[in-house]
Structures are given as C-alpha cells and as structure tokens.
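Residue-level structure breakdown
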Amino acid sequence: VDVRGNRLKADDARKLIKAIAISTTVSQLGLAANDLGAAGGALIASALEKNNFVTYLDLRQNDLAADGVQHIATLLERPTCVLANLSLYGNRLGVEGSIALAKGLSKNRSLEVLTLGSNRCTDAACSALAAAFAAQNTLTHIDLKCNEITDVGLRPLMTAFSGMKKLQKLYLSSNPLRRASADCIVQAFVHHEGLKVLDLWSCQLETNGAVRLSGLLAASSSIQEWNLSDNNIDNAGASALAKAIAHPCKALRTMDLTLNDIGSSGATELIEAAERNPMVMSLSLHGCPSLSRVAHKKLETLLATRRQGADRKST
C-alpha cells in the first residue's frame, strides 16, 4: 500500500491504517510526504502492535517530531515487532526524539534498514544512538545523512559501528564531520569485514581528511563503494587516494570525487591509478576544474569496457 504525497492527516488515514492492522496480505506501507504528525505516529504504532505482516514502513516527511516518534519507539521495543525497514527521514525528531527512538531501537531484534536522515540530530543524541546500535545485531543499512553531527558525536557512533558485523551500508553525507573525524572512521572500519558502502559526501573532510582516509581505502577488504564528493579535496588529497587505489586495494569498485578542488596533476594520478587497478569500475571526477575532456573520455572508455567485461563474465 502506497499513499505517498497526499497530505493526509491522522484523521484522514485512520480507516486505512485500521484496515491494515488486520490485513494478512499487506507487507509494505508507504505513507511518506503526508502530514500525519504525532497523532499519526500513535495511530500507526497501535495498528501495528499485533500485525505480523508489515515489514516495511515509510514515514518520511510526516512531521512526527519527538512526540510522534515515541510511539514508534514503543512499537520497536515489542518482542513481536517484525519491521525490517523503517524510514523516518525528515521528521524533525531533534535530540529528544532521537534519544526516544534509541531507547526502542536498543531492544529491537528485527530491523535491518534504518533511515534517520534530516532530523536535526546533533552530537547530544549520539551517545544514546551509539548505545542502541551497540545493543542491536540485525541492522545492515544505517542512514544518518543531513543531520548536525560533528566529529564529537561521531566518535561514540564509530565505536558502535565497529562492532556491528552485519553493517553493510553507512550514509553520513552532509554532516559537518570535518577532517578530525577521519581517524575514528579509519579505526572503526580498518578491520571490518562487512561494510560495502561508505557515503561521506559533503562532510567538510578537506585534504587532510582525505589523506587520513586513504589508509582505510588501501587496507579495507570490504568497502566497495566510496563517496567523497564535495569535500574540498585538492591535489595532495587526490595523490594520497591515488596511491591507495593503485596499491591495489582489492575491494574498491566505485569512487565518487565529484565537486572537489582536484587539479590536473591530481586527476592524472587518479586516472593512472584506476588504470593500474583492474577492480575499479567507476571513478567520478565531474566538476574537477582542470580535468581535460580528452582525459575524461579516456577514463570513461576504459571503465565502460571493464564493466562490459564484468557483465559478460557474470552471465
């Protein structure tokens, strides 16, 4: 059932949600971009208390706020909860709501995918979230993008993430992590064998952060997809990353470095590194001011040929 974008308030959706509560055929409930508010949160939590069939719940942009998410947290606490995928993106949870959610999350044993992006989550909520993640053993995807987390809040989170062996995808983009966060990211994942996707787009990492992260890039046996776009990385950072790519790092498949300050020499080193590492399938340098069209075309042709060869092998 998908009723996204209909501006439904809690009263408008009441009959639908009550019907879903007793349904044995609905497994996915999409309610994104409505106006359910705190009352809607209470209604949904009540409806799903005894429902063992809905495993996907999309509540993006519903203005749940702290009062509404407390009801969702209570639902997550229940030992009978079967939710596997929960999206709460853009609900103005703030610190209070994030801490309330953490309480429920710490007792949950079903959730695999959690989206908490754009919720005004700050460092003040990170210790509670970290404790919840540390107690959790089912999450594979965590999305915390577009919040207000700095390197201070990231440290306890990374300690928790390092012990989450099932974690495969982590999205931290558009948080002001700054370059000081790079060391704790490296420490958390240098020996992690499950993480495949690390999204650090627009995190103010700068060149110093990229240089530090290059150690993780070279050492990781699992991270296949990196997003370091829009981080003010210059030639020195590009050079460090290129050395790691040419190592060759065995895991890397995709690297996104768009919208950085990489000049001609840095771009050349990256392209040469990608040429030497046959595992690289995508290297994005769009928006790098000094990259020539000829060099860019050469790179795209090389990688397209590789992808075609990989597709033929897989079939």
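We now turn to the structure provided with this report. Please read these numbers as outputs of a predicted model, since none were measured by experiment. (Residues numbered from 1 in each chain as written. Predicted model: local features only at pLDDT ≥ 70, side-chain atom pairs only at ≥ 80, totals over all residues. Heavy atoms only, no water.)

**Regarding the packing of aromatic side chains**
The final tally for this structure, using the stated rule, is one aromatic pair. Above the face of the Tyr 171 ring, Lys 145 is positioned so that its terminal group lies 5.4 Å from the ring centre. (Phe/Tyr/Trp six-rings, centres within 6.5 Å; stacked < 30°, edge-to-face > 60°. Lys NZ or Arg CZ within 6 Å of the ring centre and 35° of its normal.)

**What about the packing of helix 2 (residues 37-48) against helix 3 (residues 65-77)?**
Here helix 2 crosses helix 3 at 15°, and the two axes come no closer than 7 Å. Classified by the angle their axes make, helix 2 and helix 3 are roughly parallel. Note that helix 2 runs across helix 3; the crossing there is left-handed. Seen from helix 2, the contacting residues are Ala 38, Gly 41, Ala 42, Ala 45 and Leu 48; seen from helix 3, they are Asp 67, Gly 68, His 71, Ile 72 and Leu 75. Partitioning the contact of helix 2 with helix 3 into residue classes produces six nonpolar, three polar and one charged. (Axes fitted to C-alpha atoms, helices over the stretch in contact; angles between N-to-C directions. Helix = DSSP H or I, 4+ residues; strand = E, 2+ residues; numbered from the N terminus. Parallel < 35°, antiparallel > 145°, perpendicular 65-115°, else oblique. Left-handed = near helix turned anticlockwise from the far one by under 90°. Contact = heavy atoms within 4.5 Å. Nonpolar A, V, L, I, M, F, W, Y, C, P; charged D, E, K, R; others polar.)

**Details of the sheet that holds strand 5 (residues 141-143)**
The ten strands are arranged 1-2-3-4-5-6-7-8-9-10 in an open sheet whose pairing can be described as parallel. At either end of the open sheet lies a strand with only one pairing partner, and these are strand 1 (28-30) and strand 10 (282-284). Averaged over all pairs of adjacent strands, the angle between strand axes in this sheet comes to 0°, irrespective of strand direction. As defined by bridge partners, strand 8 (residues 225-227) adjoins strand 9 (residues 254-256) across three bridges and the pair is classed as parallel. If you follow Asn 227 over to strand 9, its bridge partner there is Asp 256. (Pairing = 2+ DSSP bridges.)

**Looking at empty space enclosed by the protein**
Taken as a whole, this structure holds one cavity of 30 Å³ or more when the rule is applied. Contributing to the lining of the largest cavity are Leu 48, Glu 49, Asn 51, Val 54, Leu 75, Arg 78, Thr 80, Cys 81, Val 82 and Leu 83. When the residues that make up the lining of the largest cavity are grouped by side-chain class, the tally is six nonpolar, two polar and two charged. (1 Å grid on protein atoms, 1.4 Å probe; cavity = no way out; pocket = protein on both sides within 12 Å on 5 of 7 lines; lining within 4 Å. Points joined across faces, edges and corners; volume = space filled by probe spheres on them.)

**What about the nonpolar core?**
Ranked by size, the top nonpolar core spans 95 residues in total, and within it Phe 133, Phe 161, Phe 189 and Leu 285 carry the most contacts. Looking at this core element by element, the count peaks at six residues for helix 7 (residues 182-189). (Core = buried A, V, L, I, M, F, W, Y, C linked by side-chain atoms within 4.5 Å. Buried < 20%, exposed > 50% of the residue type's maximum accessible area, 1.4 Å probe, protein only.)

**Regarding unusual backbone geometry**
Here the phi dihedral of Gln 204 falls at roughly 60°; this positive angle occurs in a residue that is not glycine. Its location among the elements puts Gln 204 in the loop between strand 7 (197-199) and helix 8 (206-219). You can call Gln 204 partly exposed: its relative accessible area is 42%. Unlike most non-glycine residues, Leu 259 shows phi in positive territory, near 60°. Along the chain, Leu 259 falls in the loop between strand 9 and helix 10 (264-276).

**Notes on the environment of Arg 109**
Note on placement: Arg 109 falls in the loop between helix 4 (94-105) and strand 4 (113-115). Distance from Arg 109 to Arg 78, taken between C-alpha atoms, is 9.2 Å for residues 31 residues apart in sequence. With sequence-adjacent residues up to four places away left out, Arg 109 is seen in contact with Ala 135, Gln 136, Asn 137 and Thr 138. Separated by 3.2 Å, the side chain of Arg 109 and the backbone oxygen of Ser 106 make a polar contact. Among the polar contacts listed, one links the side chain of Arg 109 to the backbone oxygen of Ala 135, at a separation of 3.2 Å. (Polar contact = N/O pair within 3.5 Å; in protein donor to acceptor, adjacent residues only side chain to side chain.)

**Structural notes on the pattern of salt bridges**
Scanning the model with the defined rule gives 13 salt bridges in all. Arg 4 is paired through a salt bridge with Asp 2; the nearest N and O atoms lie 2.8 Å apart. A residue is classified by how much of its surface remains accessible, and Asp 2, at 47% relative accessible area, is partly exposed. In this structure, the salt-bridge partner of Asp 151 is Arg 155, at a minimum N-O distance of 3.1 Å. Taken together, the residues Asp 151 and Arg 155, both in helix 6 (residues 151-162) and four residues apart, mark about one turn of the helix. Here Arg 155 falls in the partly exposed class, since its relative accessible area comes to 41%. If you follow the salt bridges from partner to partner, you end up with Asp 151, Arg 155 and Arg 178 in one network. (Salt bridge = Lys/Arg side-chain N within 4 Å of Asp/Glu carboxyl O.)

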